[in-house]
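# Close look at the chain arrangement
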Amino acid sequence: VEPISLGLAAFGAVSALTGLLSSHKLYCYFRDCCGQGRFLNSTALQVDLDRKLYGQHLVKKVILKAVTGFLRNPNPKKPLTLSLHGWTGTGKNLVSRIIAENIYKGGLKSPYVHQFVSTLHFPHILDVDRYQDQLQAWIQGNVSTCENSIFIFDEMDKMHPGLIDAIKPFLDYYEQLDGISYHKAIFIFLSNAGAEKITQVALDFWKNGKQREELQLKDLDPVLSVTVFNNKNSGFWHSSLIDKNLIDYFVPFLPLEYRHVKMCVAAELHTRGYIADPEIITRVAEEMTYFPKTERIYSDKGCKTVSAKLDFYL
Ligand SMILES: Nc1ncnc2c1ncn2[C@@H]1O[C@H](COP(=O)(O)OP(=O)(O)OP(=O)(O)O)[C@@H](O)[C@H]1O
């Protein structure tokens, strides 16, 4: 072969490869590609949390640190496991959505983000054995397709302990299981377990005249894991997730106050294209019910029914 033809052939191969790479890049610009989230923009995540999540200074701090730290590590030793706890309507699903959207453009609809609701997907106790097999095969299948998959488990406290045990091997430090590594996956668990304890700590803080924003993780972290562990009604206590330290971060969601509910109403008005009418905002916030009975500080449904209540005024 002449040197010139060899050079031309090499040039052709390089340009074909470059073309392939740039068309792949272009494809991933418009569509979700596995692993693109490893280049997560931490500033964008912070801005998103600041803009969309109200009254949860601890959550913002933990999520930002946990997610960006994990994604920056080229060789994590285990998958990232986040356990989100708190009263209903305080933003647990919202935060999972924000994380998913910052990692994959398609957010919750991305083929690499998978969401389970225990009461919906695993409703019958008698079928636990079948669910266990299905769940394991499903996690295995998805991670073998994309090692950067995200799994969100809602209503974790209503999940059968057997199913939690079925997930356990995937959360551990094993190099590989049947040839697959799970170290780059993210598991997010949502539950109301520990919500009363979180409220109690926040309320005591308030009674002592301290600002909510002064609350630190160290005030909640130990009590939360112990409470969840000892709660015989939640599936968690049965499992060895906590016992074996497989949960990386316990994320406490504080109960929302009147002022936060007002912010939710304003945000909902904005989303629907209306101006933030102070009268409507006050009316909707006043329609919500607050606890404890005497102090009436925290909304008992968080921001959950804001959207439905707003329909009445628009
Ligand atoms: N802290 C918050 N900041 C802004 N919006 C919030 C907040 N908490 C809840 N919301 C809004 O209220 C609605 C319900 O919130 P979300 O589904 O995240 O609650 P949750 O904590 O997951 O509740 P549950 O435990 O009942 O599943 C959503 O529309 C969400 O955007």
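Read on for a plain summary of the structure. Everything numeric in this text was worked out from a predicted model, so none of it was measured.

### Describing the packing of helix H6 (residues 128-145) against helix H7 (residues 161-171)
With their axes 9 Å apart at the nearest point, H6 and H7 run at an angle of 25° to one another. Classified by the angle between their axes, H6 and H7 sit roughly parallel to one another. Crossing of H6 against H7: the hand is right-handed. On H7, the residues touching Val128, Tyr131, Gln132, Leu135, Gln136 and Ile139 of H6 are Gly162, Leu163, Ala166, Ile167, Pro169 and Phe170. In terms of residue class, the contact of H6 with H7 is made up of nine nonpolar, three polar and no charged.

### Considerations on the site of the ligand
Taken together, 17 residues lie around the ligand, and Tyr54, Thr88, Lys92, Asn93 and Lys304 are the ones closest in. Backbone polar atom of Gly91 to a nitrogen atom of the ligand: 3.0 Å apart, as the coordinates give it. In the environment of the ligand, an oxygen atom lies 2.8 Å from a nitrogen or oxygen atom belonging to the side chain of Lys92. Considered on its own, the ligand offers 630 Å² of accessible surface; in the complex 81% of this is hidden by protein. The greatest single-element share of the shell around the ligand, amounting to three residues, is contributed by helix H4 (residues 92-103). Split by residue class, the shell around the ligand holds seven nonpolar, seven polar and three charged. When we break the shell around the ligand down by domain, the ones giving at least three residues each are domain 2 (37-253) and domain 3 (258-311).

### Some remarks on unusual backbone geometry
Of note, the bond from Phe291 into Pro292 is cis; its omega dihedral lies within 30 degrees of zero at -10°. Structurally, Pro292 can be placed in the loop between strand S6 (290-291) and strand S7 (298-299). Positive phi, close to 55°, is recorded for Glu155, a residue that is not glycine. Note that Glu155 resides in the loop between strand S3 (150-154) and H7. We note that Arg296 has phi near 50°; this positive angle belongs to a residue other than glycine. Its place among the elements puts Arg296 in the loop between S6 and S7.

Rules of the game
- Residues numbered from 1 in each chain as written.
- Predicted model: local features only at pLDDT ≥ 70, side-chain atom pairs only at ≥ 80, totals over all residues.
- Heavy atoms only, no water.
- Axes fitted to C-alpha atoms, helices over the stretch in contact; angles between N-to-C directions.
- Helix = DSSP H or I, 4+ residues; strand = E, 2+ residues; numbered from the N terminus.
- Parallel < 35°, antiparallel > 145°, perpendicular 65-115°, else oblique.
- Left-handed = near helix turned anticlockwise from the far one by under 90°.
- Contact = heavy atoms within 4.5 Å.
- Nonpolar A, V, L, I, M, F, W, Y, C, P; charged D, E, K, R; others polar.
- Near = heavy atom within 4 Å.
- Polar contact = N/O pair within 3.5 Å; in protein donor to acceptor, adjacent residues only side chain to side chain.
- Areas by Shrake-Rupley, 256 points an atom, 1.4 Å probe, with all protein chains shown as cover.
- Domains from an automatic or database assignment.

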